Amino acid sequence: FGRRVNSKGPNSHEFGYDDNHMSLWRIAWRSIEQRGLASLLTALSMALGVMLVVAVLTIHGVVSESFRNNSSLGYNMIVGAKGGKLQLTLNTVYYLSSPVENIPYDFYLEFFTAESRGQQWKHSIAYHARDAQWNAADAEVLSLSAGTLPGPQSLAALLALDAVEDAEASRQAGSRDGKFGMFTYFAIPVCLGDYFGKFRVVGTTPAMFDDLVFDVERDRKFEFAQGRNFQHKSKEHGYFEAVVGSAVAREMKVALGDEISPAHGYPEGHGHERKFTVVGILKPSGTPNDRAVFVNMEGFYLMEDHAKPIEEEPVAETESTEADAAMDGDENQADIATSLAYNDNAIDDPEPLPVEQREVTAILLRTISPLVTPGLQNNINEGPTAQAVLPVMEIYNLFAIIVKPIQWVLLVLTAMICVVSGISILVSIYNSMSDRRHEIAVMRALGAGRGTVMTIILLESIFLSLGGGIIGWVAGHALNAFASPWVEDQTGVSIGFLSWAPPMNILELFTEERTLNVYPEPLLIPALILLAIIVGFLPALSAYRTDVAKSLGD
């Protein structure tokens, strides 16, 4: 056994190491061929386990890559209503959860400079009320100044002039620097509450796509596959323009120029009468924005049930007692609110909703420097109106606490499937030992040692394990290639047949202080060999103990 006779003569033998081991491999392979069906089923069970391991490792890589893409948000703070930090992050970043509450629009204006605040404050009820007050006081000054009688009329003119100055100061109350304006690079509002099919509708400003760099490392903004960004107010559609994500356009079959009607409150809610015209379709970005509809915030406010009920006596940010007294004889503020508010049945080109009737769900905030972020966060959180959260930190915590443990559980389960497949190899070989005792006895009689027979059985186990592993690896990567278009569309991560799972820190389950990043797929080879040796040891030991004389007699 293990000996090849040389053609030069029967006494000239070669005991070459390679020839000997090649004979062992050949014998092991022929033994597998003799039990072809059982061996094939055993190898396929191992292939299934390895395919699942490859799939889980790929999922781990896709989720990790998608997580890294989404953690580069382009903004470093979210400001929203008091409540759960994680809920605010999920609702604002991923559009998954429901908002707790809205925050006043005038708080949102605190993140702007005087010029920006003043432009928006002109759409407030208080501004128009003060404007009416100023005009009335100015007319009174002109009327009294035109009189010829001295004395009381001149005194009245002076008092009216003071009223004009007070009214002007009150009218310009909104034209001051916001409390947080000097710390803000940009502040993008987000208004939620409507759906288009199963997709969230987001009311925001053109800055969402003009100013936001969502991938800071590669300086990437959201790009348009078709069309353009919506405008603050366009000639064609007024305030009612929309931009849809790539997944929305595909699943809802939306094209440029289509009119969409958001549903109020939940996907099955009643649709609004006012429709938005789609002017842009985003390229796939691998972010949650692929699965959202973005509409002009001005149009969002003008839809039914989106205006905050107005108070009877709205209070401006800076008002004097004299200005309050002077307004008693002016135009009633409720009438001003009615003239500014939108009436869907009355006008086709409405005025913007008054500031007092607006709210925002959240504010995407980027500070001028990371150094001011902690202080600004504390300042906002200490106030009674809103809270500020750091979304990247919340996302990392979510990934570490929930996502990673689930991935490890899946990996352990698939590894257990491989172990079960290994046990099937043990059962298959061990059950064949009773039929092979005579064969083993003949091999022993021809000169094969106990160790040689034991090695052949172990080689059979390794053949079945590695063969099934190779089939499973190919099947797993073929599955990746088949699902690649769908995965890339959903996550923005491209995977192909030869895409390997990314490195994993195999020590993170045991310690957080040390890191050992390795590519997991190459480890499958030694793991399968080790598993084959372990499960093949029992039948190999049975072959080792075979009684030659008794088996030959049988």
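One can find the structure itself at the top, above this paragraph.
What comes next concerns the included structure. In this text the structure is predicted, and so the values were computed from the model without any measurement. (Residues numbered from 1 in each chain as written. Predicted model: local features only at pLDDT ≥ 70, side-chain atom pairs only at ≥ 80, totals over all residues. Heavy atoms only, no water.)

Attention shifts here to the overall build of the protein. Along its length, the protein carries 17 helices and 19 strands. Looking at the protein as a whole, 45% of its 554 residues qualify as buried. At a minimum sequence separation of 6, the contacts of the protein that also span at least 24 residues come to 75%. Total accessible area computed for the protein in this model is approximately 28100 Å², and 59% of it derives from carbon and sulfur atoms. (Helix = DSSP H or I, 4+ residues; strand = E, 2+ residues; numbered from the N terminus. Buried < 20%, exposed > 50% of the residue type's maximum accessible area, 1.4 Å probe, protein only. Contact = heavy atoms within 4.5 Å. Areas by Shrake-Rupley, 256 points an atom, 1.4 Å probe, with all protein chains shown as cover.)

Turning to helix α5 (residues 114-121), its buried residues are R117, G118, Q120 and W121. Buried residues in α5, looked at end-on, bunch into an arc of 170 degrees, giving them a common side. (Arc of directions from axis to C-beta.)

Turning to its location among the elements, N76 is positioned in the loop between α2 (36-71) and β3 (77-80). Taking relative accessible area as the criterion, N76 reaches 25% and is therefore assigned partly exposed. In the structure, N76 is positioned 316 residues away from V392 in sequence and 7.2 Å away in space, judged by C-alpha atoms. Excluding its chain neighbours within four sequence positions, the residues that come into contact with N76 are L365, R366, T367, T373, V389, L390 and P391. Among the polar contacts listed, one links the side chain of N76 to the side chain of T367, at a separation of 2.9 Å. (Polar contact = N/O pair within 3.5 Å; in protein donor to acceptor, adjacent residues only side chain to side chain.)

Enumeration over the complete set of coordinates arrives at six salt bridges. With a closest N to O distance of 3.5 Å, R250 and E251 form a salt bridge. Assessed through its relative accessible area of 32%, E251 is described here as partly exposed. For E251, the salt bridge is made with R291, and the minimal N-O distance between the two is 3.4 Å. Residue E251 is found in helix α9 (residues 246-251), and its partner R291 is found in the loop between β13 (276-282) and β14 (292-296); the two are separated by 40 residues along the sequence. (Salt bridge = Lys/Arg side-chain N within 4 Å of Asp/Glu carboxyl O.)

Here we come to the packing of aromatic side chains. Inspection of the entire model under this criterion finds 16 aromatic pairs. Here the aromatic rings of F111 and F180 are separated by 5.0 Å at their centres, their planes lie at 35 degrees, and the arrangement is tilted. Taken together, the positions of F111 in the loop between α4 (105-108) and α5 and F180 in the loop between α7 (152-171) and β5 (184-196) put the pair 69 residues apart, joining distant regions of the chain. Both residues of the pair, F111 and F180, count as buried. Relative to F222, the ring of F209 has its centre 5.9 Å away and its plane inclined at 85 degrees; by these criteria the two rings are edge-to-face. In this pair, F209 is assigned in helix α8 (residues 207-210) and F222 in the loop between β8 (220-221) and β9 (224-227), connecting sequence segments 13 residues apart. A residue is classified by how much of its surface remains accessible, and F209, at 4% relative accessible area, is buried. Of the aromatic side chains, those joined through ring pairs into one cluster are Y95, F209, F214, F222, F224, F230 and F294. Against the face of F240 rests R274, its NZ or CZ located 4.3 Å from the ring centre. The ring of Y185 carries the charged tip of R366 above its face, separated from the ring centre by 4.8 Å. (Phe/Tyr/Trp six-rings, centres within 6.5 Å; stacked < 30°, edge-to-face > 60°. Lys NZ or Arg CZ within 6 Å of the ring centre and 35° of its normal.)

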